[in-house]
4 protein chains.
Amino acid sequence: MSTVIRNGTIVTADLTYRADVRIEGGIITEIGADLAGDEVLDATGCYVMPGGIDPHTHLEMPFMGTYSSDDFESGTRAALAGGTTMVVDFALPAPGQGLMDALAMWHNKSGRANCDYSYHMAITWWGEQVFDEMQAVVEQGITSFKHFMAYKGALMVNDDELFASFRRCADLGALAMVHAENGDVVAELSARLLAEGNRGPEAHAYSRPPQVEGEATNRAIMIADMAGVPLYVVHTSCEEAHEAIRRARMQGKRVWGEPLIQHLTLDESEYFHPDWDHAARRVMSPPFRNKQHQDSLWAGLQSGSLSVVATDHCAFTTEQKRFGVGDFTRIPNGTGGLEDRMPMLWTQGVNTGRLTPNEFVAVTSTNIAKILNCYPKKGAVLVGADADLVVWDPEKTKVISAGSQQSAIDYNVFEGKEVKGLPRFTLSRGKVAVADGEIRTEEGHGQFVAREPRPAVNRALSAWKELTAPRAIERSGIPATGV
Amino acid sequence: MSTVIRNGTIVTADLTYRADVRIEGGIITEIGADLAGDEVLDATGCYVMPGGIDPHTHLEMPFMGTYSSDDFESGTRAALAGGTTMVVDFALPAPGQGLMDALAMWHNKSGRANCDYSYHMAITWWGEQVFDEMQAVVEQGITSFKHFMAYKGALMVNDDELFASFRRCADLGALAMVHAENGDVVAELSARLLAEGNRGPEAHAYSRPPQVEGEATNRAIMIADMAGVPLYVVHTSCEEAHEAIRRARMQGKRVWGEPLIQHLTLDESEYFHPDWDHAARRVMSPPFRNKQHQDSLWAGLQSGSLSVVATDHCAFTTEQKRFGVGDFTRIPNGTGGLEDRMPMLWTQGVNTGRLTPNEFVAVTSTNIAKILNCYPKKGAVLVGADADLVVWDPEKTKVISAGSQQSAIDYNVFEGKEVKGLPRFTLSRGKVAVADGEIRTEEGHGQFVAREPRPAVNRALSAWKELTAPRAIERSGIPATGV
Amino acid sequence: MSTVIRNGTIVTADLTYRADVRIEGGIITEIGADLAGDEVLDATGCYVMPGGIDPHTHLEMPFMGTYSSDDFESGTRAALAGGTTMVVDFALPAPGQGLMDALAMWHNKSGRANCDYSYHMAITWWGEQVFDEMQAVVEQGITSFKHFMAYKGALMVNDDELFASFRRCADLGALAMVHAENGDVVAELSARLLAEGNRGPEAHAYSRPPQVEGEATNRAIMIADMAGVPLYVVHTSCEEAHEAIRRARMQGKRVWGEPLIQHLTLDESEYFHPDWDHAARRVMSPPFRNKQHQDSLWAGLQSGSLSVVATDHCAFTTEQKRFGVGDFTRIPNGTGGLEDRMPMLWTQGVNTGRLTPNEFVAVTSTNIAKILNCYPKKGAVLVGADADLVVWDPEKTKVISAGSQQSAIDYNVFEGKEVKGLPRFTLSRGKVAVADGEIRTEEGHGQFVAREPRPAVNRALSAWKELTAPRAIERSGIPATGV
Amino acid sequence: MSTVIRNGTIVTADLTYRADVRIEGGIITEIGADLAGDEVLDATGCYVMPGGIDPHTHLEMPFMGTYSSDDFESGTRAALAGGTTMVVDFALPAPGQGLMDALAMWHNKSGRANCDYSYHMAITWWGEQVFDEMQAVVEQGITSFKHFMAYKGALMVNDDELFASFRRCADLGALAMVHAENGDVVAELSARLLAEGNRGPEAHAYSRPPQVEGEATNRAIMIADMAGVPLYVVHTSCEEAHEAIRRARMQGKRVWGEPLIQHLTLDESEYFHPDWDHAARRVMSPPFRNKQHQDSLWAGLQSGSLSVVATDHCAFTTEQKRFGVGDFTRIPNGTGGLEDRMPMLWTQGVNTGRLTPNEFVAVTSTNIAKILNCYPKKGAVLVGADADLVVWDPEKTKVISAGSQQSAIDYNVFEGKEVKGLPRFTLSRGKVAVADGEIRTEEGHGQFVAREPRPAVNRALSAWKELTAPRAIERSGIPATGV
Ligand SMILES: [Zn+2]
Ligand SMILES: [Zn+2]
Ligand SMILES: [Zn+2]
Ligand SMILES: [Zn+2]
Ligand SMILES: [Zn+2]
Ligand SMILES: [Zn+2]
Ligand SMILES: [Zn+2]
Ligand SMILES: [Zn+2]
């Protein structure tokens, strides 16, 4: 059976042109004028774009004996509803747990996914087993390793562990990733705030100021440079971190930054809301920042110093959030966003003129597909690519509301925001998962996307590091004398 | 008749994959496995890439009653020999000359071109006629306007003229371009150097220090921002100018910088050579800089803060250079590079690991095709694109020498440099112009490439400027009183 | 007769200690414990500091056939009331007027001054006469030359004139000063705003955005560097200009920036006030900026990248301001501040902890005395120094109000601000001009302060420029050949 | 008995004037014209300046069972020979050793000092005892605490310890100091270099690249900011660290950087010397850098972003250096410089025009006296100040040579450098310790200098931090509901 998308304008990261798209067997088989097929999707007045890729989700993430409330089913359903056709989740080994073991657990959860997915593997502790299994993980198609510089006493790794793991990544041709906040300082600030009676959700923001993120970002960049590995900084939320990334890039270092849609569009005043629930529902790390930081992030997307817009989707219900009443450090960290990322970015980015439609595609899909080395299988509108597509209606509007969302939680941090620009159709490997607001997702349709190590950037960086490696001085007779 | 490129690896700005390419009627008609055609070009072991685009040449440029020595015939022959399949030259109206008049003169010269070409129009004076004819020029498909901030008393325009012309560009959806050096200061420094007895070619470098370029770059950026137009800075040669561009980009401004292959690979010590001819042959503006500036430019290409590698090819013979014996200000400004840009950049960029092969394609071809809005007709390996292609043999080597070059001049600023990575074939709209070192160019084969105004970046910038435009305050009763 | 200040704490730019001060003949004659004298001023609980120096005033400045409303009498009376004991005014030659001629006019006005004063000479046009008279001006003790990069068609000078004048300053051992805004762009923006119907005072701010000031600052710095002269940038109001200054300083350039007390404490929202008079009274160039710019200026004072706090005191009455009803470009530029600078800076700087008391003295007095080379005659509490002193009561408060001010105008831009920290006594060369709120100024008491050229910074810069000057390459036989 | 310095020109951090100086009882008792005294020192043609203060020495420092070879006697003798009249050494507690215990050990060593001295206390481990004894240390007049971010497994402290100690410093009104290199990364790089066969002294430099210092500097700054304490970064050797300091200062943070005379004047090529001894004698941390870093440091001194020039004097003989033959990590770290700092800085700084004589005094003496809160007892030429003075002959020259030095070691890293500008006399509290090349030091003459905590900068910073401290949001009823 074939599906044809008719009368649309194809918009990719670098092209805008009118053409129809034919899909067979989940793959794009033809792009051209006047194509015919068994099923026809009318894209009149719409843009046909690569489906979004959200490289930063935590679906069904274990937390204090329970789980984040969106699992691979509801999470990917929300994703598709908003035009996102692939998610990349984080496999999180418990302390001492083997990487392959954790991977098996994640594969188990993702069986219910409605769209394709991949994983990053987190390095939450260090040892010979981890070192060894990193290779096996890469062989399984997982070529990106996440490191937490925060969450002291839990997920956090120290600088020597970072360095060792980054070097291993370099050797394996993998990508190093970091959650960049100085965990020692966050822990001390948190303790002090609690001691001083600052116990509400706003203290979460106070405990993780921009400087703390900027510092860790800067540190990760140095360590990656010493290890000779490309670095991807997740949830870059502030000018300080962005500055560190820009500074690295201006020296030719291979570093990418990922702002979240939340940080681009919401600010710290949310935490000062008199309603505890309102504030607590916005608790995530890093916290929302002020307007100056937002301007910095937008400019980063415009100039290319920041590369990807993600969500860090990690949905906790109000009930779960209330674990932290009276102690902000116990509020589960995370907000939703999977369904809203694309419309919010289009509305506040493209409709304002900050981003071109092509840049929109780049930062929501194509850039990360390249960085994660699954392009052009994903992130492209090309013959042979997976038919992960969104037919985008730039005139369609709605007001975001928890009442009508796919996510399993009972609120939405974008509640009340009006968006203009929404999917008419979303296709996951050719399957129409969303049609004009109607959800037709199929549980279990999603497949794991394996990725190859050693993309061109890794090879180039390794060549340069080899070329410029320290050379021993030849000396005749040691000790020699002289002055 | 069809031509097939067989057994190569296609390398574009964002893809690397094995496929054959079929060409008919000068156009790419198919990309796939095992293609057949009337003529077969063997690309075994080679990369099949978009032909280079050099957006900065001065062929047969009028100068002191004579002309730069490479004309559209020899210049484009040299280009093709080095893998470049399109040049963009500058139409330079004389003072008081109409733009359409100048355009006619340039069209007349380019009839002998061996490869495709386009023009930028220079704004060398200002007046109602210029204002009016800018629209006609755009309608002719020339959508980029160059402004000289140096060459006082000749090509230079002042800030108010810059601003007026930039605003006109904004209204027409065109691209503003600048040669950025402070012409007033250059003139004063030159006079002073001559007065102090500094009359040799090295004084040319002394008269145009990096600060002078950085200042003008910064100024052009501000004026473009005020006028609401994207800006392209030609021949960015130094950290100071690059810093200004980075700073602008980090604020979301739409600015691109263009380093030359000369500035990337040659340094100021050339001017200190005891042989006057050696030094004078390297005289160009801006002059070569030191190693720190080179590092800055390379990092710019790596990070994306600089976008395009060009040549400013403007070839004068030794005899012409000697006009300036005893007075450096009379040495004709310009060096060659059209034939050497691609091999030099591959050798010093890709072979060292500073650039990936994809980045090489981006900075030699695809980026400028996008900026000048002739992508994907040019700069792409896509079905429907012009078959401007280079089959690149990464193992082929040579030593650059004036003795074996296509350019009409009697020396080469890269003399003696060994390059590894050279064209096996170069195709201009399907015509094999270079085959394994054999030149088969056809005079007059080249065609003019017209370009559309108002690309997406212009439209986005205009939208943003409209959104953030100053608003008048409503006041009831003026004057009001109060404190 | 001797005067003794008893029981105070002396605070200078680098010392804080308890001591009495004895004054005879207008000079400090002794500093020590338990001093006795004919007249005793009780400084119990107070700081004894060098009187403020305001290096940027326009008293009785000619404007459209009238004058700014504070003359040397009322202006210096206001100064003394606020703890400022010296002003430096700008002698402004009319187009074509000789410098010495202008100087005579200014000397004529200043005869009524209540405190000491000096001048900067403005270079408002260029020619042989100006070049020649600059030397005479220096010989008269005026060693700083101001240049306007804005006010096109009136005071503005072009880049070649700037360069020529800066070189002359370098040769004379003088200080170059600039009002840094791009006058061409301001003129174009103003015309455009008027054409678009933006005619109110807020359009004054729109017509001179921070970028326009940043650009000119950057340009002046480059030109000063090429000319080899130290540079003083007046009324640095924004991050863009401050950034240019920081960048220059980080390269070892000798550049100082001068924020105004207005820009430190008032913001652009003043121009959006519904009362036209309110807004118009705040019209000055550069205009007030937003809070981010204020933060930048404060940090500059803290770190030393900005050096001096001034006022640009140029007082126009509401009636004068109303020249510009219906056309913002006709609103006379200028605000008051002489009386308020010290208390406002103490309140918002020292009382908040942004500045130490010593830093307060540095930026209000000592730094500029050093820069202008009249230290330690002025700006010091040392034996032999002029007894220009303020006895500062850190507990004294008031609410600023036009109703109780010394200035001749009918409003105050700081109206309603509460200040804590005010003079108990102000002494001008030993004369008690202000005593506990009582004004005892003496018209004509003020004297002209002549200054020597070639301070240490000029000499050092000249030495460095000589050491690093371009050197001609020795060549045997020109033209030589070779490749 | 009185001593008079006659016919000299007094040069301080902010004044240059002709006057004689009378000294009695080790104190300056009069400054004026034509003074008489029992002993007369002829300063004709000389500058009379505050004696140098070297805030960074390691005299008789324990090392691998032996000691650095210059003790308080030879070290201070070398200091005086070069015009330095005070040193500040580091008391280094062994792991687990109490601070007061270490202090007693250092007091014991310093009994032989020829000039005055003070200490910084190092925090080499953390615990309740350390926390408690910090107060006792401050009460003993030692108000600066040093922290090592390198030397893993020995002196290094982690981020949480840094934060805890910095907060303690803030509470005590003390100064936080850091040796800033990332010790984890240095350890890993060192191990890797050894493993790869890089065992010579050059590998010491390879193991501590500028990025590693820049990172740690940036981290220390963030932690100090969070703790609300001023920070002093010792031996700032590179642009990366300087950049971090500049960036902090441009945000108003209270951070100072200290380049060493070695880093200002010697470069990394020393480590590539074919003579092992030559290279090993230059091994110190951070290592020497390249010329670009030197330019950065000089510019920092010019602009004020760097504040103090020190030596990190820690002298090991060639024999001691040879502990590290075959394993660079065992070469004792340290070089000399006490005798050479002032002449080298004068020669390369003042004689070139990079620094004024006043700036020379500031960076060698006055600035650090202020930072360490012992000004104007030290670092001043004022009545009442200690008569620690140097009579500086700007015409005197010599060639530096180990053969004629005071230091106990057998070489000099500045061997062969010609200096112009040397002491004619050096006085330690009035005692003539050096007279025209003759050494007249007196063992044990030196006294401990106690310092007060809570200087103005600490008080201001604390006020600002209090003013901007996080505030809890008032909420009625938790949990509240709403969206
Ligand atoms: Zn995270
Ligand atoms: Zn996350
Ligand atoms: Zn040019
Ligand atoms: Zn050109
Ligand atoms: Zn002005
Ligand atoms: Zn003014
Ligand atoms: Zn150290
Ligand atoms: Zn040390």
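Below: a short report on this structure. Note on numbering: residues in each chain are counted from 1, in written sequence order. By the order in which they are written, chains take letters starting at A while ligands take numbers starting at 1. Restriction of local features to residues with pLDDT of at least 70 applies here, the model being predicted, together with a cutoff of 80 or more for giving and counting side-chain atom pairs; totals for whole chains, interfaces and linings are based on all residues. Note that the side-chain values use all heavy atoms of the structure and ignore hydrogens as well as water.

## A word on the overall build of chain A
The way it works is that DSSP assigns letters per residue, a run of H or I at least four long becomes a helix, a run of E at least two long becomes a strand, and they are numbered from the N terminus. The helix and strand tally for chain A stands at 15 helices and 20 strands. The dimensions of chain A, computed from C-alpha atoms along their principal axes, are 85 × 60 × 45 Å. Accessible area is worked out with a 1.4 Å probe on protein chains only. A residue is then buried under 20% of its type maximum, exposed over 50%, and partly exposed in between. Expressed as a percentage of the 483 residues in chain A, the buried residues total 67%. Values of accessible area rely on a 1.4 Å probe in the Shrake-Rupley scheme; residue burial ignores everything except the protein chains shown. Carbon and sulfur atoms make up 47% of the accessible area of chain A, which totals about 14600 Å².

## Some words on the side chain of Asp386(D)
Residues and elements named next belong to chain D. Mapping Asp386 onto the fold places it in the loop between helix H14 (357-371) and strand S17 (389-399). Among the polar contacts listed, one links the side chain of Asp386 to the side chain of Lys377, at a separation of 3.0 Å. The residues contacting Asp386, other than those within four sequence positions of it, are Gly26, Ile27, Ile28, Asp116, Lys377, Lys378 and Arg429. Pairing of N or O atoms within 3.5 Å defines a polar contact, subject to two protein rules: one partner must be a possible hydrogen donor and the other a possible acceptor, and residues neighboring in sequence count only if both atoms are side-chain atoms. Contacts were defined at the residue level, with two residues in contact if any of their heavy atoms lie within 4.5 Å.

## Focus: the relation of the copies chain D and chain A
Mapping one chain copy onto the other needs a rotation about an axis and a shift along that axis. The copies are overlaid by a least-squares fit using only the C-alpha atoms of residues whose pLDDT is at least 70 in both copies. The operation relating chain D to chain A is a screw motion whose rotation component is 180°, with 0.0 Å of axial translation and a residual RMSD of 0.0 Å. The superposition operator between the copies reduces to a two-fold rotation axis. Interface overlap between copies is the fraction of interface residues in one copy that are interface residues in the other; for chain D against chain A it reaches 100%, indicating a shared surface.

## With respect to the coordination of the zinc ion (ligand 6)
For a metal with four tetrahedral donors the ideal donor-metal-donor angle is 109.5 degrees, whereas six octahedral donors ideally subtend 90 or 180 degrees. Within the protein, His56(C) (NE2), His58(C) (NE2) and Asp312(C) (OD) serve as the donor atoms for the zinc ion (ligand 6), at 2.1 to 2.2 Å. Only nitrogen, oxygen and sulfur atoms within 2.8 Å of the metal, or 3.2 Å for Na, K and Ca, are treated as donors, and water is left out, so sites may look incomplete. In primary-sequence terms, the residues that donate to the zinc ion (ligand 6) follow H-x1-H-x253-D.

## Notes on the sheet that holds strand S18 (residues 418-428) of chain B
All names here are of chain B. Here, any two strands with at least 2 DSSP bridges between them count as paired. With mixed pairing, seven strands are arranged side by side in an open sheet as S3-S2-S7-S17-S18-S19-S20. With partners counted over all chains shown, the strands left at the sheet margins are strand S3 (16-18) and strand S20 (438-439), one partner each. Set on the sheet, helix H13 (residues 341-350) makes contact with strand S7 (47-50), strand S17 (389-399) and S18; between it and S18 the angle comes to about 135°. Where helices are involved, their axes are fitted lines through C-alpha atoms of the stretch in contact, as for all axes, and angles between N-to-C directions lie from 0 to 180°. Here helix H14 (residues 357-371) sits on the sheet and contacts strand S2 (9-11), S3, S7 and S17; the angle it forms with S7, its principal contact strand, is near 30°.

## A look at helix H1 (residues 72-81) of chain A
Residue and element names in this part refer to chain A. Among the ten residues in H1, ten count as buried, and that is most of the element. Along H1, the residues classified as buried are Phe72, Glu73, Ser74, Gly75, Thr76, Arg77, Ala78, Ala79, Leu80 and Ala81. Those residues of H1 that are buried lie in contact with strand S11 (84-91), helix H2 (99-109), strand S12 (116-123), strand S18 (418-428), strand S19 (431-435) and strand S20 (438-439). The N-cap residue of H1 is Asp71: its side-chain oxygen and the backbone nitrogen of Glu73 are 3.0 Å apart.

## Let's talk about the environment of Glu359(C)
By the element assignment, Glu359(C) lies in helix H14 (residues 357-371). Accessibility expressed as a relative area gives 16% for Glu359(C), which makes it buried. Ignoring any residue separated from it by four or fewer positions in sequence, one finds Glu359(C) in contact with Gln302(C), Arg354(C) and Arg254(D).

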